Amino acid sequence: QHPDISITGNVLHFKAQGHGAKGDNIYEFQIEFLEPVEPKPVCRVTQRQLNITVQKKESSWWERLTIFLAPDFDRWLDESDAEMELKEKEEEKINKMKIESRVPKDPFRHLKKGYLVMYNLVQFLGFSWIFVNMTVRLFILGTGKSRALFYSFSDTFHSISEMMYFCETLAIMEVVNALIGLVRSPLLPTVMQILGRNFVLFVILGSLEEMQSKPVVFFIFYSWSIIELFRYPYYMLSCIGIEWKLLTWLRYTAWIPLYPLGGLAEAVSIIQSIPIFSETGKFSLGLPNPLNVTIQFSFLLQIYLIVLFLGVFMNFRHLYKQRKQHLGPKKRKMK
């Protein structure tokens, strides 16, 4: 039963029914305070205790409270403690104002935010177009017809390359954004991913017609587009302070199978291109006399394969740390 509590002047009246040593009884008492208090106390009943909060009518220090009361030292403040606490709060407020005054307000912050939103939106639309077109072609051409399925694989570059050229060229801006501090992305992983993709797209696939009809192109483009379907909308919404838990989970989880598969597909394309570069001598560098040595581009590609797998490992570790940071267990704050 909820207690009956009232205040008249400086006297608190309490009456309630409770279960004590002698069974159920009516318990009541009165407490007279030194000076008048607010007539509306706040009462909170728990299974083990009853908390009554009484507010003074005037904020001042009393010489005494009343008898038969034990102070709660967790909440107890004397005059010196109160003055110290008030002083600390004032100093904290002043320091905060000083820090805020030292940090100049960026007059272009809205323009920067708008640019980042538009950039991520354009990239999302571009990679969505790639993904949808590849998926539709795969379903239409590959319904039980092996020749049509092979055709859909071999024709990927000619039907998708222009949009992929646009998206991956535009992605160079991510390196610029990281360099000028517009975004907080670490520079090295960003450079390795963007330059690595553009190297495969423009040098390995774009310069060799023999590579453009190979089925590996489909798997490269498909893995790239799926990853970006989650990455770019996540960053776009982050720019305007919106977070969707499902999208966050997909952004930091989908790369686990897709990133290694994409790296493997890129490696396969390089391996397939090595005999073609060796036979044609394309991009090979001949040194003048007295060295008279020709550096085969195919030899450089073999070295690049090692760099590719090292880059995949470094980016994999970086993405794993990001996933742990965003999806890992949250640390509880100490009260």
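Values in this document were obtained by computation on a predicted structure and should not be read as measured data.

Visitor: Explain the overall build of the chain to me, using residue names and the numbers behind them.
Guide: Scanning the chain for helices and strands turns up 11 helices and seven strands. Here the chain holds 335 residues, and 32% of them are scored as buried. A fraction of 62% describes how many contacts in the chain between residues 6 or more apart in sequence connect residues 24 or more apart. Per element, the accessible surface of the chain, about 23300 Å² overall, is 62% carbon and sulfur.

Visitor: Talk me through the packing of helix α6 (residues 187-205) against helix α11 (residues 297-327); I want residue IDs and the actual numbers.
Guide: At a closest axis distance of 10 Å, the pairing of α6 and α11 adopts a crossing angle of 140°. For the crossing formed where α6 meets α11, the hand is left-handed. Where α6 abuts α11, its residues Leu188, Pro189, Met192, Gln193, Gly196, Phe199, Val203 and Ile204 lie against Phe297, Leu301, Tyr304, Gly311, Met314, Asn315 and His318. Class assignment of the residues belonging to the contact of α6 with α11 gives a composition of 10 nonpolar, five polar and no charged.

Visitor: Talk me through the UniProt feature "transmembrane region" (unreviewed entry) in the chain; I want residue IDs and the actual numbers.
Guide: Taken from the UniProt record, the annotation "transmembrane region" (unreviewed entry) applies to residues 115-140, 217-237, 258-277 and 297-316. Strand forms 0% of residues 217-237 and helix 100%; the C-alpha atoms that close the span are 31 Å apart. What you have in residues 258-277 is 100% helix and 0% strand, and the ends, taken at the C-alpha atoms, are 28 Å apart.

Visitor: Explain the packing of aromatic side chains residue by residue, including any values.
Guide: Under the defined criterion, the tally for this structure stands at 18 aromatic pairs. On the numbers, 5.9 Å between centres and 35° between planes, the contact of Phe277 with Phe283 is tilted. Since its relative accessible area comes to 0%, Phe277 is described here as buried. We classify Phe283 as partly exposed; its relative accessible area is 43%.

Visitor: Tell me what's going on with the pairing of strand β1 (residues 4-8), and back it up with residues and numbers.
Guide: A one-sided burial pattern is seen for β1, the buried positions being Ile5 and Ile7 and the unburied ones Asp4, Ser6 and Thr8. For β1 and strand β2 (residues 11-20), the ladder comprises five bridges, and the chain directions are antiparallel. When the sheet's bridge partners are listed, Ile5 is paired in β2 with Phe14. Counting the residues that bridge the hairpin from β1 to β2 gives two residues, and of these Gly9 lies at a positive phi of roughly 70°.

Visitor: Lay out the pattern of salt bridges with the relevant residues and their values.
Guide: Oppositely charged side chains may form a pair once their charged atoms are brought near each other. Scanning all chains against the criterion turns up four salt bridges. The shortest N-O distance in the salt bridge between Glu174 and Arg231 comes to 3.3 Å. Of this pair, Glu174 sits in helix α5 (residues 172-179) while Arg231 sits in helix α8 (residues 216-239), and the two are 57 residues apart along the sequence. The pair formed by Glu174 and Arg231 is uniform in burial state, with each residue classed as buried. Note that Glu228 is salt-bridged to Arg231, the shortest N-O span being 2.7 Å.

Visitor: Please give an account of the packing of α6 against α8 that cites residues and values.
Guide: For the pair α6 and α8, the least separation of the axes is 13 Å and the interaxial angle reads 150°. When the axis of α6 is compared with that of α8, the two are roughly antiparallel. As for the relative orientation of α6 and α8, their crossing is left-handed in sense. Contacts between α6 and α8 involve Gln193, Arg197, Val200, Leu201 and Leu205 from the former and Val217, Ile220, Phe221, Trp224, Glu228 and Arg231 from the latter. Class assignment for the residues of the contact of α6 with α8 results in seven nonpolar, one polar and three charged.

Cut-offs applied
- Residues numbered from 1 in each chain as written.
- Predicted model: local features only at pLDDT ≥ 70, side-chain atom pairs only at ≥ 80, totals over all residues.
- Heavy atoms only, no water.
- Helix = DSSP H or I, 4+ residues; strand = E, 2+ residues; numbered from the N terminus.
- Buried < 20%, exposed > 50% of the residue type's maximum accessible area, 1.4 Å probe, protein only.
- Contact = heavy atoms within 4.5 Å.
- Areas by Shrake-Rupley, 256 points an atom, 1.4 Å probe, with all protein chains shown as cover.
- Axes fitted to C-alpha atoms, helices over the stretch in contact; angles between N-to-C directions.
- Left-handed = near helix turned anticlockwise from the far one by under 90°.
- Nonpolar A, V, L, I, M, F, W, Y, C, P; charged D, E, K, R; others polar.
- UniProt positions renumbered as here; feature names shortened; annotations may be inferred.
- Phe/Tyr/Trp six-rings, centres within 6.5 Å; stacked < 30°, edge-to-face > 60°.
- Pairing = 2+ DSSP bridges.
- Salt bridge = Lys/Arg side-chain N within 4 Å of Asp/Glu carboxyl O.
- Parallel < 35°, antiparallel > 145°, perpendicular 65-115°, else oblique.

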